Amino acid sequence: MIDFIGKKQWFFRISAILIVVGIISLAVFGIKPGTDFAGGTSMTLQFSPPVEQSQLREEMAKLGYDKATIQNAGGGNFIIHVSEITSGKARELAETLGTELDSQARITDYYLASPRVGAETARNAGIAVIIAAVAMLFYIVWAFRRMPKPFRWGTCAIIALVHDVFIIVGIFSLLGWLAGVEIDAMFITGLLAVVGYSINNTVVIFDRIRENVSKHISPDFAETVNNSLVETLGRCANTALTTLFVLLALFLFGGATIHYFVLVLLLGVIIGTYSSICISSQLLVVWEKREWRAILPFAKRTA
Amino acid sequence: MSRNIYLLIFILALFGFALWSVVPLDRNVFGRQGLRLGLDLQGGSYLVYEADVTAIDTANRDEIMEGVKGVIERRINALGIAEPIVAVQKQEGEYSIAIQLPGIADIERAKEMVGRVSLLEFREQDEEGNWIPTTGTADGEELVLSSKYFKENTYIDVDQFGRPLLIFEWDETGQELSQQITGRLIGEQLGIYLGDEPLRGEDGHAIAPVVRETIRDRGQIEGLSLVDAEELSRLLNAGRIPVPLGRWVEGEPKVFEPEIPLYERTVDATLGADSIEKSILAAGIGIALLLLFMLLYYRLPGLVACLTLGMYGVVLLAIFKLVPVTLTLPGVAGFILSVGMAVDANVLIFERTKEELRGGRSLGAAVETGFNRAWTAIRDSNITTFIACIILFWLGGTLGAFMVRGFALTLFIGVALSMFTAIVITRTFLRLLIGSQVVTNMAAYGVKR
């Protein structure tokens, strides 16, 4: 039988490293707000024949758009985010770019958002994530109300949720720095879907722990949790796999528009599955045994 | 046993109906044909304008905005756009109006139609030659003469030289005003203004006819190009938008910018077609892999799951078509994701059944226990996805991003249906299969004994 509980410090270390890297990236590079949050105009330009991103960047700078964010969306498509320009002016820009780069540029997707609404959107997105977390907490406390200390179960699940959100935001901060990837309303949508998925996984495992606790399969809580993890491992792996199959197909073949949205979901499924097995359940044990030192990433083993 | 037969009949009837209603997709079922596609899939424009209602009494604002909605709908219909959606949104006392124009090629023209303040105002010159609004008295009030008093039956005619004429009729108040004003201004010019700009003729000159006689019932405007005359006539007949549309700009005090939308999104129809093609390809590959995995890993129950999943897909499509749910690209992603998650309920049940089989129970008992034990996990875990969907639906309503709602809605429906299929369809199939005792070999259930 696999000993998950014995390896909990390793899991905490891995997560701590991921989170710290994410936080450093956030502090140094921040995140690139997309049109939804920063306002302005973003458009998808389709070049045929395709052009190089570096060429496009140079040409844009020459035309005075040196602050533009340019993301390569594959297949000669680029997503460009600039400060507000009208659709008429955008068309002129596309024409100029096409001529200068010996190609034909078409605007396939034009999006303008007033800068004023960006702040409001960002606020609403933040509220949505917080409401989601609180609602999940209440729900789990309610679902596990027959267990002793239901609040503890809820808290552990929420910590895992926050863990997932931090890691994904950290990864997108790095992607923003490396590839100009921006965060938009669809990112938040993906994040909330992931939050739902991650908690979903945690609940399945908690449900098994609940069942095993009431069956008194072991006097030791750690062993009960470990048994539950082993018993649900097949299910967790298979559900994650089936979901990953479809998401991977969408990521690889689904086109430019939802590329990064699907990436959020993809990362979320992997990290959410990991955190339900390796974080939330482990935290339950730590809390039960009061082994708080185990959480400190580089503490000596207590057991 | 008989209960299972009834359930089977119910399931087959449901499936049969769903299959019939989506194959072919454009079959007319309850007046629905094809799937309703969002702007990102079929191309089109999405515009959101804020309304400046500061000049309107608070109590009347709701009503006025409904009026604006009606006028915009009529204007868009006059452009011949199929299935436009116009919605008034009210948030923290601010009004906005969201307009979806599917499949429109010329966004600039649509914006003009929507955003234009289509009030023709008649003006006269004061001593210094400035054009000032011309007024008369009706019902004891001093009123500006404008197209507000036109009957909504303006039409185009041609004079003997084939030049277009815009013919209009005054309503009662208009007749009163027109009689006074034209009587007073005989021999002088009457300017016609659209907003703050004079109405210009085909030759670019401001149209300002000289009043030759007292006019009471009807009048005509000469000199317009045919295109302008037609558009103006449509605008006038569609009615007037009583409040400026545009957007507020932050500042102290905040300023209203007319005619510039808060949000504007235009998706090219070719991108939409491309997205559909790619989504179908991705869904095909993803779902094929998933089915293969289920078959190889779970054997016979896997086959049952594949059948169930096929039914799930068809019923879901039928729901999307008949409700109808507007499918957006993230919505399609939500649909595909829900297929992946639909398997989850089956996986939970099968894993549980396998455990029970390994524990030495008989097939029938193992399936029943498997279902009962898995149910709490399925129920409790899916509720979290529902919570996330509801919050997303709220969030989507506060944004200019119609796509967020599309995702939340399809995922919600998908997960709800997946619970139903796992509990009702998979269970019935497995019970019947076991009851019929066709397959009793444990290896078929993926268990070694």
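Residues numbered from 1 in each chain as written. Chains lettered and ligands numbered in written order. Predicted model: local features only at pLDDT ≥ 70, side-chain atom pairs only at ≥ 80, totals over all residues.

If you tally the helices and strands in chain B, you get ten helices and 15 strands. Relative to the globule expectation of 22 Å for 449 residues, the C-alpha radius of gyration of chain B, 32 Å, shows a markedly less compact shape. A principal-axis box enclosing the C-alpha atoms of chain B has dimensions of 110 × 50 × 35 Å. Within chain B, buried positions represent 43% of all 449 residues. (Helix = DSSP H or I, 4+ residues; strand = E, 2+ residues; numbered from the N terminus. Rg over C-alpha atoms; globule rule 2.2 N^0.38 Å. Buried ≥ 20, exposed ≤ 12 C-beta atoms within 10 Å, placed from the backbone.)

Attention now moves to the interface of chain B and chain A. Contacts between the two partners involve 63 residues from chain B, matched on the other side by 56 residues from chain A. Those elements giving two or more residues to the side of chain B that touches chain A turn out to be helix 4 (107-115), strand 13 (245-249), strand 15 (263-267), helix 7 (269-322), helix 8 (329-358), helix 9 (363-398) and helix 10 (402-435) of chain B. In terms of residue count, helix 7 of chain B provides more of the side of chain B that touches chain A than any other element does, 15 residues in total. Of the residues assigned to the side of chain B that touches chain A, the class counts are 38 nonpolar, 13 polar and twelve charged. (Contact = placed C-beta atoms within 7 Å. Nonpolar A, V, L, I, M, F, W, Y, C, P; charged D, E, K, R; others polar.)

Turning our eyes to something else, we now look at the sheet that holds strand 8 (residues 155-158) of chain B. Residues and elements named next belong to chain B. Across the sheet, which stays open at both edges, the three strands sit in the order 8-9-12 with antiparallel pairing between neighbours. In this open sheet, the two strands that pair with only one neighbour each are strand 8 and strand 12 (218-222). For this sheet, the mean angle separating the axes of adjacent strands, direction not counted, is 35°. In the sheet, strand 8 pairs with strand 9 (residues 164-169) via four bridges, with the strands oriented antiparallel. By the bridge assignment for strand 9, Asp-157 is matched with Leu-165. (Pairing = 2+ DSSP bridges. Axes fitted to C-alpha atoms, helices over the stretch in contact; angles between N-to-C directions.)

Judged by nonpolar contacts, the single largest core of 133 residues is most densely connected at Leu192(A), Val246(A) and Ala333(B). For this core, the element with the most residues is helix 7 of chain B, which contributes 17 residues. Residues within four places of Ala333(B) in sequence aside, it is in contact with Leu250(A), Ile258(A), Phe261(A), Val262(A) and Phe407(B). Core analysis: the next-biggest nonpolar cluster, separate from the first, contains 46 residues, Val51(A), Ile76(B), Val243(B) and Leu245(B) among them. (Core = buried A, V, L, I, M, F, W, Y, C linked by C-beta atoms within 7 Å.)

Moving on: the domain arrangement of chain A. Residues and elements named next belong to chain A. Taken domain by domain, chain A consists of domain 1 (5-33 + 117-295) and domain 2 (40-113). One C-alpha centre belongs to domain 1, the other to domain 2; they are set 37 Å apart. Counting residues at the interface gives nine residues for domain 1, matched by nine residues for domain 2. Looking at the side of domain 1 that touches domain 2 residue by residue, the class counts come to four nonpolar, three polar and two charged. (Domains from an automatic or database assignment.)

With that settled, the discussion passes to the confidence of the model for chain B. Residue and element names in this part refer to chain B. Residues with a pLDDT of 70 or more make up 91% of chain B, whose mean pLDDT is 80. The weakest mean pLDDT in chain B belongs to helix 4 at 69; the strongest belongs to helix 1 (residues 2-22) at 87. Two summary scores accompany this predicted model of the complex, namely pTM at 0.79 and ipTM at 0.82. (pLDDT = per-residue confidence, 0-100.)

In this section: the pairing of strand 4 (residues 104-113) of chain A. Two faces belong to every sheet, and in a regular strand the side chains alternate between them. Among the ten residues in strand 4 of chain A, eight count as buried, and that is most of the element. Looking at chain direction, strand 1 (residues 40-48) of chain A and strand 4 of chain A are connected through nine bridges and run antiparallel. In the strand pairing of strand 4 of chain A, Met43(A) is matched with Tyr110(A). As judged from the five bridges shared by strand 4 of chain A and strand 15 of chain B, these two strands associate in the antiparallel manner.

Bringing the sheet that holds strand 10 (residues 191-194) of chain B into the picture now. Residues and elements named next belong to chain B. Across the sheet, four strands lie side by side as 5-4-10-11; this open sheet has antiparallel pairing. The open sheet is flanked by strand 5 (131-133) and strand 11 (197-198), the only strands paired with a single partner. As paired elements, strand 10 and strand 11 share two bridges and run antiparallel to each other. Residue Tyr-193 lies in a different strand from strand 11, and its bridge partner there is Pro-198.

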